[in-house]
Amino acid sequence: MINGIHHVSMKCKNDDEYAKVLRFYVEILKLSVIKECDTCILLDTGAGIIEIFRDGNESLEKGIIRHFAFAVNDVEACVNAVKNAGYEVFIEPKKVQIGGDPEFPATIAFCAGPLGEDIEFFHQEW
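Residues numbered from 1 in each chain as written. Predicted model: local features only at pLDDT ≥ 70, side-chain atom pairs only at ≥ 80, totals over all residues. Heavy atoms only, no water.

Strand order in the open sheet made by the 4 strands is S5-S8-S7-S6, with mixed pairing throughout. Either end of the sheet is taken by a strand with one partner, and the two such strands are strand S5 (68-71) and strand S6 (89-98). Here the strands of the sheet are splayed against their neighbours by 25° on average, with no regard to which way each runs. Pairing of S5 with strand S8 (residues 118-124), which is carried by 4 bridges, proceeds in the parallel orientation. Counterpart to Phe 70 in the pairing with S8 is Phe 121. Lying over the sheet, helix H2 (residues 75-84) contacts S6, strand S7 (104-112) and S8, oriented at roughly 170° with respect to S6. (Pairing = 2+ DSSP bridges. Helix = DSSP H or I, 4+ residues; strand = E, 2+ residues; numbered from the N terminus. Axes fitted to C-alpha atoms, helices over the stretch in contact; angles between N-to-C directions. Contact = heavy atoms within 4.5 Å.)

Set out below in structure tokens:
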């Protein structure tokens, strides 16, 4: 029934916040713009879409979703890019073992995005 996650959606409260979010995702993380209209922009993650609305009027609190993760080839490069741009990395790159049968190793790191969203950089090491 489910084929995957199509998109993640966020809403900015004003044009300044929208510009900050675009800089983070387009300039720092290098996501491509799929489409832009008056009220939103769609960014290509390679395996899904981030939809960013610019028509909010108040800050939104964090919801029940804890974070979203980008599948990446180089966790360290992502961490360096966000650090160099002045964003907080609150879990430095580290190797982990994802449990289950079979277990698999991964390298992960977490940063805070421009709207306060928690972002994981995830590299599965087969």
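This is not the end of the story, as more comes after the structure.
Let us look at the confidence of the model for the protein chain. Of the residues in the protein chain, 95% reach a pLDDT of 70 or more, and the chain-wide mean stands at 89. Strand S1 (residues 7-11) is the least confidently modelled element of the protein chain, averaging 90 in pLDDT, while H2 averages 97, the highest of any element. (pLDDT = per-residue confidence, 0-100.)

Here the structure, examined in full by the defined rule, presents 4 salt bridges. As a salt-bridge pair, Asp 15 and Arg 54 come within 3.3 Å of each other at their nearest N and O atoms. Linking Asp 15 in helix H1 (residues 15-28) with Arg 54 in the loop between strand S4 (49-53) and S5, this pair joins segments that are 39 residues apart in sequence. Taking relative accessible area as the criterion, Arg 54 reaches 26% and is therefore assigned partly exposed. (Salt bridge = Lys/Arg side-chain N within 4 Å of Asp/Glu carboxyl O. Buried < 20%, exposed > 50% of the residue type's maximum accessible area, 1.4 Å probe, protein only.)

Turning next to the layout of surface pockets. Vacant regions in the atomic arrangement are exposed by a probe of water-molecule size rolled over the atoms. Taken as a whole, the second largest pocket spans an internal volume of roughly 460 Å³. Forming the boundary of the second largest pocket are 20 residues, of which Thr 45, Ala 47, Ala 69, Phe 70 and Ala 71 lie nearest the centre. For the lining of the second largest pocket, the secondary-structure elements that each account for two or more residues are S1, S4, S5 and H2. The element contributing the most residues to the lining of the second largest pocket is S5, with 4 residues. Across the lining of the second largest pocket, the residue classes break down as 16 nonpolar, 3 polar and 1 charged. (1 Å grid on protein atoms, 1.4 Å probe; cavity = no way out; pocket = protein on both sides within 12 Å on 5 of 7 lines; lining within 4 Å. Points joined across faces, edges and corners; volume = space filled by probe spheres on them. Nonpolar A, V, L, I, M, F, W, Y, C, P; charged D, E, K, R; others polar.)

Moving on: the sheet that holds S4. Strand order across the open sheet formed by 4 strands is S1-S4-S3-S2, with mixed pairing between neighbours. Looking at which strands have only one partner, the edges of the open sheet turn out to be S1 and strand S2 (32-36). Strand after strand, the sheet turns through a mean of 25° between neighbouring axes, direction not considered. Two strands pair when backbone bridges link them, and strand S3 (residues 40-44) and S4 are joined in this way by 5 bridges, in the antiparallel orientation. Bridge assignment links Leu 43 to a residue of S4, and that residue is Ile 50.

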